[in-house]
Amino acid sequence: MLPYDTFEKILDQLGKDLITLRLYNWGEPLLNKHLVKMCELAYARRVSVKISSHLNDLTPELAEGLLRAKVKKLYISADGATPESYAIYRRGGDFKVVMDNIRMLVAKKAELGAYFTRVIWLFHVFRHNEHEVPIARKLAAELGVELQLNKARTDMGREIFETAEQALERDGHWLPESTEFLAFDREQKTAQREVMCTLPWKDTAINWDGKVLACCSVYSEKHHYGSIHESDFGEIWNGEMYTEARREIVGESPTQDTICKTCKHNGYLFL
């Protein structure tokens, strides 16, 4: 529920340095009544927009608005190729509604000649749906959308606050048998992320309330690095908390703890 004036303030402060804008983070973007207007403003300022949605709430009017606003990528989160498997993870969603909305969106794309927008089906591979990957590939081709298979991760809200071993012990039964779709090393009980995180140098996450966070893996306001309602973003980006986080990642000795220290300590450095 990001207010439009807050969004405009963000673009005013970051616009000249902004390349890509992901209008989704721990919520459903299609519920924001200002979404199309936000996309239009971003496009007018030459900023590429990506949206990820469960697509249960798409209307023909909203679909047309997003396509005319030149959204670059529209991801559809649907983790199953049948109603039965979809319902296991997407609680409260309706598989038929999602498939019907995809067809409507693809038809609207053709009607408007809106080939700028890529429609991508995101399929998180779990143990209960990994056998449906071939079905999903066939169905995506029939629907006329791209299919992106994502490696399943454990509870993202807890992920960087615990070790991979703890996550595997609690959520291992969700993870696929195939190592092709596994984001963990079961034998070593580690996450398969061995490179240095570069996010604090090239990325940022700003919540609906203006709080600035190191990345999308954190949503609690107590871990924020500042607020755009209290400071200019440039002051936050070059401020004490971000500086300490970067020092932590490169192996220097920061003077205070940040959420990046917790993430690094637990072995989540990201790919």
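Presented here is a report on the structure given in the accompanying data block. (Residues numbered from 1 in each chain as written. Predicted model: local features only at pLDDT ≥ 70, side-chain atom pairs only at ≥ 80, totals over all residues. Heavy atoms only, no water.)

## As for helix α5 (residues 95-112)
Stage number 1. Here α5 spans 26 Å end to end across 18 residues, near enough to the 26 Å set by a 1.5 Å rise per residue.
Stage number 2. Every buried residue of α5 is accounted for by F95, V98, M99, N101, I102, M104, L105, K108 and K109.
Stage number 3. At its buried positions, α5 is contacted by α3 (60-68), β3 (73-77), α4 (83-89), β4 (118-125) and α6 (133-143).
Stage number 4. Near the N-terminus of α5, the side chain that reaches the backbone nitrogen of K96, with its oxygen 3.0 Å away, is that of D94.
Stage number 5. Just downstream of α5, G113 is the residue with a positive phi angle, here 65 degrees. (Helix = DSSP H or I, 4+ residues; strand = E, 2+ residues; numbered from the N terminus. Expected span 1.5 Å × (residues − 1). Buried < 20%, exposed > 50% of the residue type's maximum accessible area, 1.4 Å probe, protein only. Contact = heavy atoms within 4.5 Å. Polar contact = N/O pair within 3.5 Å; in protein donor to acceptor, adjacent residues only side chain to side chain.)

## Considering the pairing of β3
In summary, the side chains of a regular strand alternate between the two faces of the sheet.
Stage number 1. In terms of burial, β3 is largely enclosed, as five of its five residues are buried.
Stage number 2. Strand direction decides the pairing type here: strand β2 (residues 48-53) and β3, joined by four bridges, are parallel. Of the residues in β3, the one forming a bridge with K50 is K73.
Stage number 3. Between β2 and its parallel partner β3, the chain crosses via α3, and the hand of that crossover is right-handed.
Stage number 4. Where β3 and β4 come together, five bridges link them in parallel fashion. (Pairing = 2+ DSSP bridges. Right-handed = clockwise from strand over helix to strand, strands pointing away.)

## Section: the side chain of N207
Stage number 1. In this fold, N207 is placed in the loop between β8 (205-206) and β9 (211-213).
Stage number 2. Within the structure, N207 has its side chain in polar contact with the side chain of N25 (distance 3.3 Å).
Stage number 3. Other than its neighbours up to four places away in sequence, N207 contacts L2, N25, L213 and Y219.

## So, the sheet that holds β3
Stage number 1. Overall, parallel pairing links the five strands, which are arranged β1-β2-β3-β4-β5 in an open sheet. Two strands close off the open sheet at either side, each with one partner strand: β1 (20-22) and β5 (146-151). Taking the axes of each pair of neighbouring strands and ignoring which way they run, one obtains an average angle of 25 degrees across the sheet.
Stage number 2. The sheet contact formed by β4 and β5 spans six bridges and is parallel. In the strand pairing of β5, I120 is matched with E146.
Stage number 3. Contacts from α6 reach β4 and β5 within the one sheet, and its direction differs from that of β4 by about 170 degrees. (Axes fitted to C-alpha atoms, helices over the stretch in contact; angles between N-to-C directions.)

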